[in-house]
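Structural overview for review
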Amino acid sequence: MPLKIELKPHESIIIGESLITNDGERTRFYIEGNVPILREKFILREKDANTPSKRVYFVVQQMYLSKGDMALQNMYLEYVRDLQNAAPSLIPYIAPISDAILSADYYGAIKAAAKLLEREDEVFGAMLNPQF
């Protein structure tokens, strides 16, 4: 069964390795096949990965899009170590991300990483996460 996607005007989506941006009108299309897909609300651009949790989210996003590149997994471990040292209270939010990565469930890891961003915002305030 194909995946139905509706994009608002000027909304973006990543399909595989391509960033697609809608024009000025609402669009609906169907996708068949097994390819990574990220809607705009889940996309974090590298320039916006400016906190420890956002760096974790960004590298998890890249793992999902590349289907588990090992170099990215090493980067993930480095970022997680830094985050655990900086904010041990966030460790319970990191564990589900790591579990999903170990299971090669990279989309699940993104969803868990989004919860980490929410918690970082709660703990450290909106000034750390003004755009996400």
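In the block above lies the structure referred to throughout.
Now for a quick tour of the structure. (Residues numbered from 1 in each chain as written. Predicted model: local features only at pLDDT ≥ 70, side-chain atom pairs only at ≥ 80, totals over all residues. Heavy atoms only, no water.)

A word on the overall build of the protein. Counting its secondary structure elements, the protein contains four helices and five strands. When its C-alpha atoms are laid out on the principal axes, the protein stretches across 45 × 30 × 20 Å. Looking at the protein as a whole, 40% of its 132 residues are labelled buried. In the protein, once contacts between residues fewer than 6 apart in sequence are set aside, the share between residues at least 24 apart is 51%. Counting 15 positive and 18 negative side-chain charges, the protein places the averaged centre of each group 4 Å from the other. (Helix = DSSP H or I, 4+ residues; strand = E, 2+ residues; numbered from the N terminus. Buried < 20%, exposed > 50% of the residue type's maximum accessible area, 1.4 Å probe, protein only. Contact = heavy atoms within 4.5 Å. Lys, Arg positive; Asp, Glu negative; His and termini not counted. Charge placed at Lys NZ, Arg CZ, Asp CG, Glu CD.)

Right, let's get into helix H3 (residues 91–102). Turn by turn, an α-helix covers 3.6 residues, leaving residues three or four places apart pointing in a common direction. Given a rise of 1.5 Å per residue, twelve residues ought to cover 16 Å, and the 16 Å separating the end C-alpha atoms of H3 matches this to within 8%. Among the residues making up H3, those that are buried are Ile94, Ile97, Ala100 and Ile101. Buried residues of H3, seen end-on, are gathered within an arc of 125° and therefore sit on one face of the element. Exposed positions of H3 whose direction lies more than 90 degrees from the buried face are Pro92 and Leu102. Note on H3: the residue one or two positions beyond its end, Ala104, has a positive phi of about 60°. (Expected span 1.5 Å × (residues − 1). Arc of directions from axis to C-beta.)

Within this structure, the stated rule accounts for two aromatic pairs. For the pair Phe42 and Tyr107, a centre-to-centre distance of 6.4 Å together with 70° between the ring planes defines the contact as edge-to-face. In this pair, Phe42 sits in the loop between strand E5 (37–39) and helix H1 (52–66) while Tyr107 sits in helix H4 (residues 106–124), placing the two residues 65 residues apart along the sequence. Note on Tyr107: relative accessible area 32%, which makes it partly exposed. Summarising the aromatic geometry, the rings of Tyr64 and Tyr107 are spaced 5.7 Å apart at their centres and angled 55° between planes, so their arrangement reads as tilted. Residue Tyr64 is found in helix H1, and its partner Tyr107 is found in helix H4; the two are separated by 43 residues along the sequence. You can call Tyr64 buried: its relative accessible area is 14%. Every member of this aromatic cluster is reached through a ring pair, and the members are Phe42, Tyr64 and Tyr107. (Phe/Tyr/Trp six-rings, centres within 6.5 Å; stacked < 30°, edge-to-face > 60°.)

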